[in-house]
Amino acid sequence: MAAEYKADYQELVDEISELLGAPATLENRDFELIAFGAYDSEGELDPSALDPVRTRSILTRRSTATVRSWFEGFGITRATGPVRIPPSREAGVHRGRICLPVRHRGVVLGYVWLLDGDPGPTDAQLTAAMRVAGRIGALLADEAEAGAGLSRELRAVLTAERGWQQDMAVAELRTALGGRADGPLTLVCVAPWASADPDDAPAARTIPHATALCTLPWGATGQSLALLVRLRTTETSAPALAAATRLLQEAEGARGASPGTARGAGARVAAAVAAGFAPGAGGAGCAAGIGEPRTGLAELGTVWQEASAAARAALAEPRFGPVAEWARIGAYRLLTALPPQAAHDRVVGPLLSPAHRELARTAEVYLDCAGQAGRTASELGIHRQTLYYRLSRVEQLTGLDLDDGEDRLLLHMALKRARL
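Since the model is a prediction, treat every value here as computed from it, not as a measurement. (Residues numbered from 1 in each chain as written. Predicted model: local features only at pLDDT ≥ 70, side-chain atom pairs only at ≥ 80, totals over all residues. Heavy atoms only, no water.)

### Quick notes on the side chain of Glu27
Reasoning step 1: The topology assignment puts Glu27 in strand β1 (residues 24-28).
Reasoning step 2: Summary of buried charges: Glu27 has no salt-bridge partner, and the nearest side chain of opposite charge, Arg97, is 8.2 Å away.
Reasoning step 3: Polar side-chain contacts of Glu27 include one of 3.1 Å to the side chain of Trp113. (Helix = DSSP H or I, 4+ residues; strand = E, 2+ residues; numbered from the N terminus. Buried < 20%, exposed > 50% of the residue type's maximum accessible area, 1.4 Å probe, protein only. Lys, Arg positive; Asp, Glu negative; His and termini not counted. Salt bridge = Lys/Arg side-chain N within 4 Å of Asp/Glu carboxyl O. Polar contact = N/O pair within 3.5 Å; in protein donor to acceptor, adjacent residues only side chain to side chain.)

This is the structure:
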């Protein structure tokens, strides 16, 4: 479906380029590139057309928040006809622009851009181009409605209780996806998503290999983003890795535009630091997790549990992030499945207080190093005698014997579980 829309957009943008005798580009209302025409009457692309803003838009398929604000300052969100925008070296706009607002039923859904020239297009040409822009608006509205339907169906599958409710939700999603539902698939979880608004998510069209996406609750107040990704085979997750990387870029851009929106992540990281643990790969930002590939939709609920668990592991452990695959998070496959109360072991509890963060870190590194004192002291940058003293303090606080395998297992699990 997305490929069909893309072909339609390209045809319409090419039609506008032909009408106006100049290359046009189409962006959605979030300034994400949808299509661009390569029309050139002399057979060569004019190098002056590639000013910094235009080049970045084509290469990265989106514009910065600063560029967006600058263009919106000319009233393009309210305009119903062509808007001429003068050049500005300071803004990176070396050539003047003509913006054709793309609207449907009074709502702006995107913009067609072309470079202004001398003499530039006539009023009759612009009027004809605006009629094509109206057809683009209807297409964007149709795609948005289809995408919203897929988001609802995907959210229903991932939030339904196991049993007949989930079976019904899977059947609905299978119908909505058609033939795409039967191939190799997996899910990507990005958490915490930068915005608390459930509708503030990128269009699936802008994410490589995406089939559908939706937002889901994360923690008490946060949001995560779930992305259904089509794969070439269940033997490789490369398309999911590409999609996850793009989503992290989207999240980074959103945080840059709206500082402080990832409050849920910040609270969790602050709590981890207070307990003596360093922030994970995402810091106060976010991380992504990828579930095991499956064929078809039957196990989608399980795949989501795997993807969200992998994202939690990436947030907890720098070595996993910023994108973690379920198959590669080791013991965290078990630790993420434990109930929340499992983190509050009464024996290990005293060690996790802020006053003993250094001791907790020492014990964790010691156990990570398989109890090898030399490796541990080198990792921590301390003398062996200092290490032995700290380990004896750990034993005093917890009552555990670090020469006992089961005691060491309990301590190691509790320390890792506390990261989550």
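### Looking at the packing of aromatic side chains
Reasoning step 1: Evaluation of the coordinates by the stated rule reveals eight aromatic pairs.
Reasoning step 2: Taken together, a centroid distance of 4.6 Å and an interplanar angle of 50° make the contact between Phe71 and Trp113 tilted. One end of the pair, Phe71, is in helix α3 (residues 65-72); the other, Trp113, is in strand β5 (residues 107-115), with 42 residues separating them in the sequence.
Reasoning step 3: A relative accessible area of 3% means that Phe71 is categorised as buried. (Phe/Tyr/Trp six-rings, centres within 6.5 Å; stacked < 30°, edge-to-face > 60°.)

### Observations concerning a nonpolar patch on the surface
Reasoning step 1: Among the surface-exposed residues, Leu338, Leu409 and Met413 lie close enough to one another that they form a single nonpolar patch of about 250 Å² accessible area.
Reasoning step 2: Looking at the element boundaries, Met413 is found in helix α13 (residues 405-419). (Patch = residues over 30% accessible without salt bridge, like charges linked within 9 Å, V, L, I, M, F, W, Y side chains within 5 Å. Areas by Shrake-Rupley, 256 points an atom, 1.4 Å probe, with all protein chains shown as cover.)

### Things to note about the sheet that holds β1
Reasoning step 1: The five strands lie next to each other as β2-β1-β5-β4-β3, forming an open sheet whose pairing is antiparallel. Sheet topology places β2 (33-36) and β3 (83-85) at the edges, where each strand pairs with a single neighbour. On average, each strand axis in the sheet is tilted by 25° relative to the strand beside it, whichever way the strands run. (Pairing = 2+ DSSP bridges. Axes fitted to C-alpha atoms, helices over the stretch in contact; angles between N-to-C directions.)

### Here's the deal with the pairing of strand β6 (residues 184-191)
Reasoning step 1: The element β6 is largely enclosed, with a buried count of seven among its eight residues.
Reasoning step 2: When β6 meets strand β10 (residues 294-295), the two strands line up antiparallel, connected through two bridges. Within β10, the residue paired with Leu185 across the bridge is Arg294.
Reasoning step 3: Where β6 meets strand β9 (residues 287-290), four bridges bridge the pair, whose relative direction is antiparallel. From the neighbouring strand, Val188 faces β9, where its bridge partner is Ile290.

### Remarks on the nonpolar core
Reasoning step 1: In this structure, Leu154, Leu158, Leu187, Leu228, Leu297 and Leu300 are the most contacted members of the largest nonpolar core, which totals 37 residues.
Reasoning step 2: For this core, the secondary structure elements donating two or more residues are α4 (123-159), α5 (164-177), β6, β7 (210-218), β8 (222-230), α8 (300-316) and α9 (332-335).
Reasoning step 3: Looking at this core element by element, the count peaks at ten residues for α8.
Reasoning step 4: Setting aside anything within four residues of it in sequence, one finds Leu228 in contact with Leu154, Leu177, Leu185, Thr186, Leu187, His209, Ala210, Thr211, Ala212, Leu297 and Leu300.
Reasoning step 5: Membership of the second largest hydrophobic core comes to 23 residues, among which are Ile34, Ile98, Val112 and Ala129. (Core = buried A, V, L, I, M, F, W, Y, C linked by side-chain atoms within 4.5 Å. Contact = heavy atoms within 4.5 Å.)

### Details of α13
Reasoning step 1: For α13, spanning 15 residues, the distance from its first C-alpha to its last is 22 Å, which sits close to the expected 21 Å at 1.5 Å a residue.
Reasoning step 2: When α13 is considered as a whole, its buried residues turn out to be Asp407, Leu411, Ala414, Leu415, Lys416, Arg417 and Arg419.
Reasoning step 3: Sitting at the head of α13, Asp404 places a side-chain oxygen 3.0 Å from the backbone nitrogen of Glu406. (Expected span 1.5 Å × (residues − 1).)

### With respect to the pattern of salt bridges
Reasoning step 1: Per the counting criterion, the structure on display carries 14 salt bridges.
Reasoning step 2: With a shortest N-O distance of 3.1 Å, Glu15 and Arg135 are connected by a salt bridge. Here Glu15 is found in helix α1 (residues 2-20), whereas its partner Arg135 is found in helix α4, with 120 residues between them in sequence.
Reasoning step 3: The closest approach of N and O atoms between Glu364 and Lys416, which form a salt bridge, is 2.8 Å. One end of the pair, Glu364, is in helix α10 (residues 357-368); the other, Lys416, is in helix α13, with 52 residues separating them in the sequence. We note that Glu364, like Lys416, is buried.
Reasoning step 4: Linked by salt bridges that have partners in common, Glu317, Arg319, Glu364, Asp368, Lys416 and Arg419 make up one network.

### Focus: a negative patch on the surface
Reasoning step 1: On the surface, Asp8, Glu11, Asp14 and Glu18 cluster together into a patch of negative charge.
Reasoning step 2: For Glu18, the location among the structural elements is in helix α1. (Charge placed at Lys NZ, Arg CZ, Asp CG, Glu CD.)

### Observations concerning helix α12 (residues 384-398)
Along an α-helix, a turn takes 3.6 residues, which lines up residues three or four apart on a common side.
Reasoning step 1: Its 15 residues give α12 an end-to-end C-alpha distance of 21 Å, which sits within 8% of 21 Å, the value for a rise of 1.5 Å per residue.
Reasoning step 2: Here the buried face of α12 lies against α10, α11 (373-380) and α13.
Reasoning step 3: One or two residues past the end of α12 sits Gly399, with phi positive at roughly 75°.

### A few points about unusual backbone geometry
Reasoning step 1: The step from Ala191 to Pro192 runs through a cis peptide bond, and the omega angle for that step is -15°.
Reasoning step 2: You can see Pro192 is positioned in the loop between β6 and β7.
Reasoning step 3: Residue Pro322 is bonded to the preceding Gly321 through a cis peptide linkage, with omega at 0°.
Reasoning step 4: With respect to the helices and strands, the residue Pro322 is situated in the loop between α8 and β11 (323-325).
Reasoning step 5: Despite not being glycine, Phe31 shows a phi value in the positive range, around 65°.
Reasoning step 6: Mapped onto the elements, Phe31 comes out in the loop between β1 and β2.
Reasoning step 7: In this structure, Arg105 takes a positive phi of about 55° despite not being glycine.

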